[in-house]
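Next come the chains, spelled out residue by residue.
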Amino acid sequence: MTIAIILNVVIQGVLTGLVYGLMALGLSVIFGVVRVVNFAHGEFAVVAMYATYLLFVTLGLDPIVSLFPIAIVFFGVGYLLQATLINRFVGRSEHEQFILLVGIAIIIVNGLLMIFGPDARPANLPYAIESYMIGDVFIDKARVYAAIGAIVVSSALFAFFRYTATGTAIRACADNLTGAAVVGLNVKRLYAFTFGLGLACVGAAGALMVTIADASPTLAQAFTLLAFTIVIIGGLGSMAGALVGGVLIGVSEALASFFLAPSMKSMFSFALLVAVLVLRPQGLMGRRA
Amino acid sequence: MSSLWSAMPVRGRVILLVLVALLLAAPLALDRYVISIFILIFYFAYVGQAWNLMMGFAGQLSLGHALYAGLGGYVAALLWFYFGIGPWLGVFAGVAVAAAFGAVIGWLGFRFGIQGVYFALLTIAFAEFTRIAFDNMAFTGGAGGLFLMYEPQRAGEWWNLRGGPLLFYYLGFAMAAGAALLTAWLARSRIGYQWLAVREDEQAALSVGINAFRAKMIAVLISSAMTAVGGVFAAFYYNSLFPAQAFDIGRSIEIILAPIIGGLGTIFGPIVGAFILTPLGEILIALTEKLGINAPGAKAVFYGLTLCAIIVLRPDGIWPWLKRILGLTEQGR
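This one's a predicted model, so the numbers in the text were calculated from it and none came from an experiment. (Residues numbered from 1 in each chain as written. Chains lettered and ligands numbered in written order. Predicted model: local features only at pLDDT ≥ 70, side-chain atom pairs only at ≥ 80, totals over all residues.)

Enquirer: How should the overall build of chain A be read in this particular structure?
Expert: When helices and strands are tallied, chain A shows 11 helices and two strands. For chain A, the sequential pattern of α-helices and β-strands runs α-α-α-α-β-β-α-α-α-α-α-α-α. For 289 residues, the compact-globule formula gives about 19 Å, and the C-alpha radius of gyration of chain A, at 19 Å, lands near that figure. Principal-axis analysis of the C-alpha atoms places the extent of chain A at approximately 60 × 45 × 35 Å. Within chain A, buried positions represent 52% of all 289 residues. When contacts within chain A are restricted to residue pairs at least 6 apart in sequence, long-range pairs at least 24 apart make up 79% of them. (Helix = DSSP H or I, 4+ residues; strand = E, 2+ residues; numbered from the N terminus. Rg over C-alpha atoms; globule rule 2.2 N^0.38 Å. Buried ≥ 20, exposed ≤ 12 C-beta atoms within 10 Å, placed from the backbone. Contact = placed C-beta atoms within 7 Å.)

Enquirer: Looking at this model, I keep getting lost on the overall build of chain B. Mind explaining?
Expert: Across its full length, chain B carries 15 helices and two strands. For 333 residues, the compact-globule formula gives about 20 Å, and the C-alpha radius of gyration of chain B, at 20 Å, lands near that figure. Principal-axis analysis of the C-alpha atoms gives chain B an extent of 55 × 45 × 40 Å. Evaluated residue by residue, chain B yields a buried proportion of 49% over its 333 residues. Excluding contacts between residues fewer than 6 apart, the proportion of contacts in chain B whose partners are at least 24 apart in sequence is 76%.

Enquirer: What am I meant to see in the pairing of strand 1 (residues 131-134) of chain A here?
Expert: Look at any regular strand and the pattern is simple: side chains alternate between the two faces of the sheet. All names here are of chain A. In this structure, strand 1 lies alongside strand 2 (residues 137-140), joined through four bridges in antiparallel fashion. The residue of strand 2 that forms the bridge with Ile 134 is Val 137. With antiparallel pairing between neighbouring strands as the criterion, strand 1 and strand 2 make up a hairpin whose turn holds two residues, including Gly 135 at a positive phi of roughly 60°. (Pairing = 2+ DSSP bridges.)

Enquirer: Explain the interface of chain A and chain B to me, please; I cannot follow it from the model alone.
Expert: Often, the extent of an interface is quoted as the loss of accessible area on bringing the components together. Taken residue by residue, the interface counts 32 residues in chain A and 33 residues in chain B. Only helix 4 (94-116), helix 9 (219-234) and helix 11 (265-279) of chain A provide two or more residues apiece to the side of chain A that touches chain B. The biggest single contributor to the side of chain A that touches chain B is helix 4 of chain A, with 14 residues. The residue inventory of the side of chain A that touches chain B, partitioned by class, reads 23 nonpolar, seven polar and two charged. (Nonpolar A, V, L, I, M, F, W, Y, C, P; charged D, E, K, R; others polar.)

Enquirer: When you look at the nonpolar core in this model, what are you seeing that I'm missing?
Expert: Soluble, globular proteins show a tendency: their nonpolar side chains are buried together. Counting residues in each nonpolar core, the largest one holds 209 residues, and the members touching the most others are Val 19, Cys 201, Ala 204 and Ala 205 of chain A. Those residues in contact with Ala 204 of chain A that sit more than four places away from it in its chain are Leu 22, Leu 67, Ile 70, Ala 71 and Val 153 of chain A. (Core = buried A, V, L, I, M, F, W, Y, C linked by C-beta atoms within 7 Å.)

Enquirer: Before we go on, may I ask you to explain the packing of helix 3 (residues 32-57) of chain B against helix 12 (residues 249-262) of chain B in this structure?
Expert: Residue and element names in this part refer to chain B. The geometry of helix 3 relative to helix 12 is characterised by a closest axis approach of 8 Å and an angle of 75° between their N-to-C directions. Here helix 3 is positioned roughly perpendicular relative to helix 12, judged by the angle of their axes. In this structure, helix 3 contributes Phe 44, Ala 45, Val 47, Gly 48, Trp 51, Asn 52 and Gly 56 to the contact, and helix 12 contributes Ile 255, Ile 256, Ala 258 and Pro 259. By residue class, the composition of the contact of helix 3 with helix 12 is eight nonpolar, three polar and no charged. (Axes fitted to C-alpha atoms, helices over the stretch in contact; angles between N-to-C directions. Parallel < 35°, antiparallel > 145°, perpendicular 65-115°, else oblique.)

Enquirer: Help me understand helix 5 (residues 141-163) of chain A in this model?
Expert: Residue pairs spaced three or four apart in an α-helix point in one direction, given the helix's 3.6 residues per turn. Its 23 residues place the ends of helix 5 of chain A 33 Å apart at the C-alpha level, agreeing with the 33 Å of an ideal helix rising 1.5 Å per residue. Looking at the buried residues of helix 5 of chain A, the elements they touch are helix 1 (2-34), helix 3 (63-84), strand 2, helix 8 (187-209) and helix 10 (239-259) of chain A. (Expected span 1.5 Å × (residues − 1).)

Enquirer: Before we go on, may I ask you to explain the environment of Gln 194 of chain B in this structure?
Expert: All names here are of chain B. Relative to the elements of secondary structure, Gln 194 occurs in helix 8 (residues 190-200). C-alpha of Gln 194 to C-alpha of Phe 57: the two residues are 137 residues apart in sequence and 9.2 Å apart in space. Those residues in contact with Gln 194 that lie beyond four places of it in its chain are Ile 210 and Ala 215.

Enquirer: Just checking my understanding: could you explain helix 7 (residues 165-187) of chain B for this structure?
Expert: Compared with an ideal rise of 1.5 Å per residue, which puts 23 residues at 33 Å, helix 7 of chain B spans 32 Å between its outermost C-alpha atoms and is within 8% of the ideal. Listing the buried residues of helix 7 of chain B in full gives Phe 168, Tyr 169, Gly 172, Phe 173, Met 175, Ala 176, Ala 179, Ala 180, Thr 183, Ala 184, Leu 186 and Ala 187 of chain B.

Enquirer: For this particular structure, what's the right way to read the environment of Val 57 of chain A?
Expert: All names here are of chain A. With respect to the helices, strands and loops of the structure, Val 57 is situated in helix 2 (residues 41-59). Under the C-beta neighbour-count criterion, Val 57 is labelled exposed, with 12 such atoms within 10 Å. For the pair Val 57 and Leu 125, spaced 68 residues apart in the sequence, the C-alpha separation amounts to 9.7 Å.

Enquirer: Honestly, the environment of Ile 151 of chain A in this entry has me stumped. Any pointers?
Expert: Among the secondary structure elements, Ile 151 of chain A is positioned in helix 5. Sequence spacing of Ile 151 of chain A and Gly 21 of chain A is 130 residues, and the spatial spacing of their C-alpha atoms is 9.3 Å.

Enquirer: Could you clarify how one ought to interpret unusual backbone geometry in this entry?
Expert: Negative phi characterises most residues that are not glycine, and trans characterises most peptide bonds. Phi angles above zero are rare outside glycine, and Arg 35 of chain A is one such case at about 60°. Within the secondary structure, Arg 35 of chain A sits in the loop between helix 1 and helix 2. On the neighbour-count criterion, Arg 35 of chain A (17 C-beta atoms within 10 Å) is partly exposed. Notably, Asn 239 of chain B is not glycine yet its phi reads approximately 60°, a positive angle. With respect to the helices, strands and loops of the structure, Asn 239 of chain B is situated in the loop between helix 10 (212-238) and strand 2 (240-241).

Enquirer: What exactly am I supposed to notice about the confidence of the model for chain B here?
Expert: Detailed reading of predicted coordinates is not advised where the pLDDT is low. A residue-level look at chain B finds 97% of positions with pLDDT of 70 or above and a mean pLDDT of 88. Confidence estimates for the predicted assembly give a pTM of 0.89 and an ipTM of 0.87. (pLDDT = per-residue confidence, 0-100.)

Dropping the structure here:
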């Protein structure tokens, strides 16, 4: 019986972790290609959560459905943001990028606070309390849908980078910026495209997150740190690493909440982050820089 | 220290003397509210200067300075709370604990070559870890916070930081001025030049025989110790400590804003930044109240917009630009 309970907790962690992984994937793409520290990442995830919440409450759209329009809109926002503002900061010192994005993060969080107030907004999905039962193990339906959504979106992104010309060009920018510019790639445009893709990922992840957590402005900063932790643990520039890191953090959070206290769940993530930075700075699945 | 003075053009000396005199005399004419704003300005100028030593001079980006301020404040407050040991003594314990954490973070970071954003995340990780630990520890008051009682019989014990706004005004002024003088002295010392060399090009610094590890360790030790003193000041000024505030990344960001906005790696940058940002925040509060925007967060949205505007328009900070405007650049710095 105890093994069933632990298995329960671990499976919940894995499913949540896949959504975390998708969110981190967005950061990994931005951080890995554009080399801009997107300190507003979690904030964008929370914006997507509110958008999903609104679409559900007003139009009755399921998060799995609203994921697509949100991802498209977020792509556009990301493209414009990079093209108009962030491109000027590429190659500038990290603290300048940091201040710009912290400024954007502050605007987003407090904008949400002004519009929606500080209280969490639960989306009460019809299948929120349903679950599958396999032997002694209960699995939340909502989390299974979210995890499947995360896998589908990530696979689409993998395929894009692997098989399309634009995806290959973006990888070229990440591998060798000078070389990419020399062969005539429009680096600024590709950066804007990449930032758009990163935000589309985080938008999709935010939409799926609604099945797991209630939208609230206070989640934003925690999500940003979570995404950075996952990307570094998984390995910068490794897309699979982001998903693996997400699952690892999801499981560690679930186990820590279960055995200790929910308020202590991220302690282990930070301890893991320090251990990885010190012992394996390239991350679990990254290549040596 | 004297080099700061001698390198300054006459006009700069006059302006500085007038400003110092005005600040020293100001409490005679100001009400409590304005004094409380000045106390905040001095506090942020002080801790900003401490952070500036590490980032502006030694080039190490720390986003976890709330850790040192929080530890300093908590250690001194706990000693006072449980044993009645005054902050004038407790500050040494607070500094020792904060510097020990600084040493561990610095050693891990510099020994294992963790740089830039990665180093920043290492500092955040330690601050967040400590925040959660303090949230869950009973003897520090946990998430509910630690409160220092108001004891009327102790009022006026200035050596125990039990005094009114004037005490904190002049102490804050002295700390901000002292930090600026210390920075000016360090900047012209051997270690100051080593920091600049390491900041600009660590490989080149190593190749001319600078012990970069030692230089960076000294920077993190001085910076964490100074920040801890600021934490003690804040703890006894507010008489309350909460892990969710003291160690929060938001607090770390507050600490670094003044030097970045004012001008990194300059002596007057953190001071100028604090004098701009703190009143700006107060004006925004007043303005949003006037306009009838009662929504929480309205002030912070303007704040965020201001940050973005400043970093886009004046990425080097306000002070280098202000210095040109005031015509203070004839003789070097």
